[in-house]
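# Report on the structure
What follows is each chain in one-letter form.
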Amino acid sequence: TAATFEPDGDTAAGDNAAIGYTAAEGLILTGQGSTSDITFKNDADATVFTVPTGTDDILFPDNAKILMGAGSDLQIFHDGSNSFIDENGDGNLNIRTINGSAISLISGSENMITAETDGAVTLYYNNAAKIATTATGVSVTGELAAATLDISGNVDVDGTLETDALSINGTTVTSTAAELNI
């Protein structure tokens, strides 16, 4: 019934339910359950999050959101089928690396996109690099199939250039097996 409750001392492994305090750790909650060691609930008796037994994980139920920012601008949640990172404010969603590490989008063990600091941004198809930025432009690996491709600058083809029709400055280029006609 006191207005304040001041626990004193640490808790220990094996405590069924204990509240403690140390100067280094601050408030300590310890529990030992068959499914969760600690369960936080709201006033409607719904689980907000748990600490699964024997882990240092935090488990949020489906549709529970981690909200950050004064206007809940950043939201991270799982809806039971898909996971979301939502930017709901006025600013951008920035993914930043401070120490110069690369940023990668990976599915399982397959690369999808990598972005190197001061280097290439690479797009992958089935874990094979297909398009990468370079210091002078872009590098395309594999067959390029496009209805229209506009290129400014030089084209360097390492291999065979195959085309059904080629037009240079409005002049059609034709060829036979023995000659090239411009």
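Heads up: these notes are all about the structure in this document.

## Concerning unusual backbone geometry
- The phi torsion at S72 lies on the positive side, around 55°, for a residue other than glycine.
- As for its placement among the helices and strands, S72 is situated in the loop between β5 (66-68) and β6 (74-78).
- Backbone geometry at D118 places phi at a positive 55°, although glycine is not the residue there.
- Overall, D118 belongs to the exposed group, its relative accessible area being 83%.

## Comments concerning a nonpolar patch on the surface
- On the surface, L105, M112, I113, V121, L123, I131, V138, V140 and L144 cluster together into a nonpolar patch covering about 710 Å² of accessible area.
- Elements with a minimum of two residues in the nonpolar patch: β9 (110-115), β10 (121-125) and β12 (137-140).
- Checked against the element boundaries, I131 lands in strand β11 (residues 128-134).

## Details of the side chain of T22
- With respect to the element layout, T22 can be found in strand β1 (residues 17-22).
- Within polar-contact distance, the side chain of T22 engages the backbone nitrogen of E25 at 3.0 Å.

## Overview of the sheet that holds β5
- With antiparallel pairing, three strands are arranged side by side in an open sheet as β5-β6-β7. Of all strands in the sheet, those bounded by a partner on one side alone are β5 and β7 (83-87). Averaged over neighbouring strand pairs, the angle between their axes works out to 10° when direction is ignored.
- Pairing geometry for β6 and β7, over five bridges, is antiparallel.

## A look at the packing of aromatic side chains
- Inspection of the entire model under this criterion finds three aromatic pairs.
- Ring plane angle 20° and centroid distance 5.1 Å describe the contact between F77 and F84, whose orientation is recorded as stacked.
- A relative accessible area of 14% places F77 in the buried class.
- The cationic tip of K65 hangs over the ring face of F77; the distance from NZ or CZ to the ring centre is 4.7 Å.

## Concerning the side chain of T114
- Within the element layout of this structure, T114 appears in strand β9.
- When residues no more than four places from it in sequence are discounted, the contact partners of T114 are I103, S104, A120, V121, T122 and Y124.

Each value, and the rule that gives it
- Residues numbered from 1 in each chain as written.
- Predicted model: local features only at pLDDT ≥ 70, side-chain atom pairs only at ≥ 80, totals over all residues.
- Heavy atoms only, no water.
- Helix = DSSP H or I, 4+ residues; strand = E, 2+ residues; numbered from the N terminus.
- Buried < 20%, exposed > 50% of the residue type's maximum accessible area, 1.4 Å probe, protein only.
- Patch = residues over 30% accessible without salt bridge, like charges linked within 9 Å, V, L, I, M, F, W, Y side chains within 5 Å.
- Areas by Shrake-Rupley, 256 points an atom, 1.4 Å probe, with all protein chains shown as cover.
- Salt bridge = Lys/Arg side-chain N within 4 Å of Asp/Glu carboxyl O.
- Polar contact = N/O pair within 3.5 Å; in protein donor to acceptor, adjacent residues only side chain to side chain.
- Pairing = 2+ DSSP bridges.
- Axes fitted to C-alpha atoms, helices over the stretch in contact; angles between N-to-C directions.
- Phe/Tyr/Trp six-rings, centres within 6.5 Å; stacked < 30°, edge-to-face > 60°.
- Lys NZ or Arg CZ within 6 Å of the ring centre and 35° of its normal.
- Contact = heavy atoms within 4.5 Å.

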